[in-house]
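Chain by chain, the residues run as shown.
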Amino acid sequence: MRRRWNGGDFGVVDAMEKGAGKSHTSRLCFLASLSVFFWTFLLYFHFVILGSRNVIDDGSATPMASRNQFQVEPSSSNIELKTKSTDDDTSGFGFMRAMRTVENKSDPCGGRYIYVHDLPPRFNENMLKECRSLSLWTNMCKFTTNAGLGPPLENVEGVFSDTGWYATNQFAVDVIFGNRMKQYDCLTKDSSLAAAVFVPFYAGFDIARYLWGYNISTRDAASLDLVDWLMKRQEWKIMGGRDHFLVAGRITWDFRRLTDQETDWGNKLLFLPAARNMSMLVVESSPWNANDFGIPYPTYFHPARDADVFIWQDRMRKLERPYLFSFAGAPRPGNPKSIRGQIIDQCKKTSVCKLLECDFGESKCHSPSSIMKMFQSSLFCLQPQGDSYTRRSAFDSMLAGCIPVFFHPGSAYTQYTWHLPKNFTTYSVFIPENEIRKRNLSIEDRLRQIPPEQVKIMRETVINLIPRLIYADPRSKLETLNDAFDVAVQAIINKVTKLRKDIFERRTNDNFIEENSWKYELLEEGQREVGAHEWDPFFSKPKDGEGDSSGASAEAAKNSWKNERVNQS
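Residues numbered from 1 in each chain as written. Predicted model: local features only at pLDDT ≥ 70, side-chain atom pairs only at ≥ 80, totals over all residues. Heavy atoms only, no water.

J.: Explanation requested: the confidence of the model for the chain in the structure shown.
T.: Residues shown with low pLDDT carry predicted positions that ought not to be read at fine detail. Per-residue pLDDT for the chain has a mean of 83; in total, 78% of the residues score no lower than 70. This model gives residues 543–550 a pLDDT under 50, and the stretch forms 31 contacts once residues within four places in sequence are excluded. (pLDDT = per-residue confidence, 0-100. Contact = heavy atoms within 4.5 Å.)

Structure representation (structure tokens):
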């Protein structure tokens, strides 16, 4: 029997429907509240939590760097960084915290911090463990001892100081510089503070292993591996590697192979797109490229204290110098452009020139004591081109207080602009090669024209330059003097800081011509444009493509290695 509903039943239903209406309204309110909370939380997370990652010490927000590629400008002008309020700071660059460290006057490292990549040992230390493979003709194991300085030199003839002298290999800068960096007083593990980023890759040692008898795949392997490793790092992404630098104790032509032909010389490290962004410090740079910079060859002197340097400088000032000029070297009969043969002939014809002929086999030219003794006895030291533009001998002679005589601007003036004065007449003599080659100008007559008082002033300038031309012992640190390492690191910091300021100010140099790179390094403060130069004939670019690996440059690199083999035979 079906149940009947009475009026009382309707009252119950009424009550139930009213209750259901209240419940539905509460749910809507709850969902609305939840939605508001969710969006509030999302906005809070985005603007506060994520934003705080880029808040620097002074409270200004600095977004992460743009991934765009920035143009490198080699101008030497300084651009002041504008002060912007937080509201106006829309720069979008990840290096602002590093730049603002210089504003902290209580921090002696402000604007000087260096971050060092922790590379896998295959890029450096493992090469030292396999030191016998670093050269076909030289046992490099002994030259990598003592933090890269090599074995100590005995002071039998009294030519050296009692301490600080080593039989240093001229191509050992990779390890010397790397060990000096370990003593740098402003290292940081926080890359956001870094004024520059150091890559401790032994590029010179790497290519030395494979130049002879190895295919291009083997020669390029470590370089490709390195840039692949670097480009995956957050530090790289801040500026696309333009704040990174590395060192190679070889001439630049060993790293500038133009093609993938097996017969071409060297590897292509400096032509890799990523490497073009980095700065590479080499003992000889290219006048036509913007990504390498010349630093001094290592000498035999590596002082541990300031006092060692001062004592040596005073000794060089007091020396009697019986010879007007001297030359240590061998002729280059296979090179028709070389003036060495004429220099040797001139030297042999006069009693005021001291000559050390570097012939095959045993030679005093290979004795550090004989070389330094000759330089110490001379007022001027002739420094014609070697197998390439530069020679280690130039730095050995200046260490001896001998005024260098250069015959090509690429031997020093456009190479070592960080370490030598731009006004080359204050410390050296320049005789254009053609004056010797075509006119057979008398070197003796030219040097005798310089007044004795001017010679004295020039020699004092050379002696005062000594600290910045030598590499101090990496196991210690000079107290007040800046050595070649210090000068190079500060120059890199200045370069990166200038680039960052230009980027921040949206400044570009659309007229920059990389082929004229050597000219930009000679610009005075505030100058940005280059034009015709009296040295243009010296740097007429070879007609073989970019002129880096297939012509005279590559031949010079090969000859350098051949003469290294001869010296060790």
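J.: Just to check I follow, could you spell out the packing of aromatic side chains for this structure?
T.: Inspection of every chain in the model, using the stated rule, returns 30 aromatic pairs. Here the aromatic rings of Tyr210 and Tyr214 are separated by 5.0 Å at their centres, their planes lie at 75°, and the arrangement is edge-to-face. Their ring planes at 80° and their centres at 6.4 Å tell us that Tyr413 and Tyr427 sit as a pair that is edge-to-face. Of this pair, Tyr413 sits in the loop between strand 10 (403–406) and strand 11 (429–430) while Tyr427 sits in the loop between strand 10 and strand 11, and the two are 14 residues apart along the sequence. Among the residues examined, Tyr427 registers a relative accessible area of 0% and is labelled buried. (Phe/Tyr/Trp six-rings, centres within 6.5 Å; stacked < 30°, edge-to-face > 60°. Helix = DSSP H or I, 4+ residues; strand = E, 2+ residues; numbered from the N terminus. Buried < 20%, exposed > 50% of the residue type's maximum accessible area, 1.4 Å probe, protein only.)

J.: Got a minute to help me understand helix 11 (residues 340–348) in this structure?
T.: Those residues of helix 11 that sit buried are Arg340, Ile343, Ile344, Gln346 and Cys347. Buried positions in helix 11, seen along its axis, are confined to an arc of 160° and lie on one side of it. Those residues of helix 11 that are buried are in contact with strand 7 (323–329), strand 8 (353–357), strand 9 (378–383), helix 14 (433–437) and helix 15 (443–448). (Arc of directions from axis to C-beta.)

J.: Sorry if this is basic, but what is going on with the pairing of strand 8 here?
T.: The pairing of strand 7 with strand 8 spans five bridges and is classified as parallel. Bridged to Gly329 within strand 8 is Glu357. With helix 11 bridging strand 7 and its parallel neighbour strand 8, the resulting β-α-β unit is right-handed. (Pairing = 2+ DSSP bridges. Right-handed = clockwise from strand over helix to strand, strands pointing away.)

J.: Would you explain the packing of helix 5 (residues 173–181) against helix 17 (residues 484–504) in this entry?
T.: A pair of packed helices is characterised by two quantities: the angle between their axes and the separation of those axes. In the contact formed by helix 5 and helix 17, the axes pass within 11 Å of each other and the chain directions differ by 75°. The orientation of helix 5 relative to helix 17 falls into the category roughly perpendicular. In contact with Phe177, Arg180 and Met181 of helix 5, helix 17 contributes Phe485, Asp486, Ala488 and Val489. Residue composition of the contact of helix 5 with helix 17, by class: five nonpolar, no polar and two charged. (Axes fitted to C-alpha atoms, helices over the stretch in contact; angles between N-to-C directions. Parallel < 35°, antiparallel > 145°, perpendicular 65-115°, else oblique. Nonpolar A, V, L, I, M, F, W, Y, C, P; charged D, E, K, R; others polar.)

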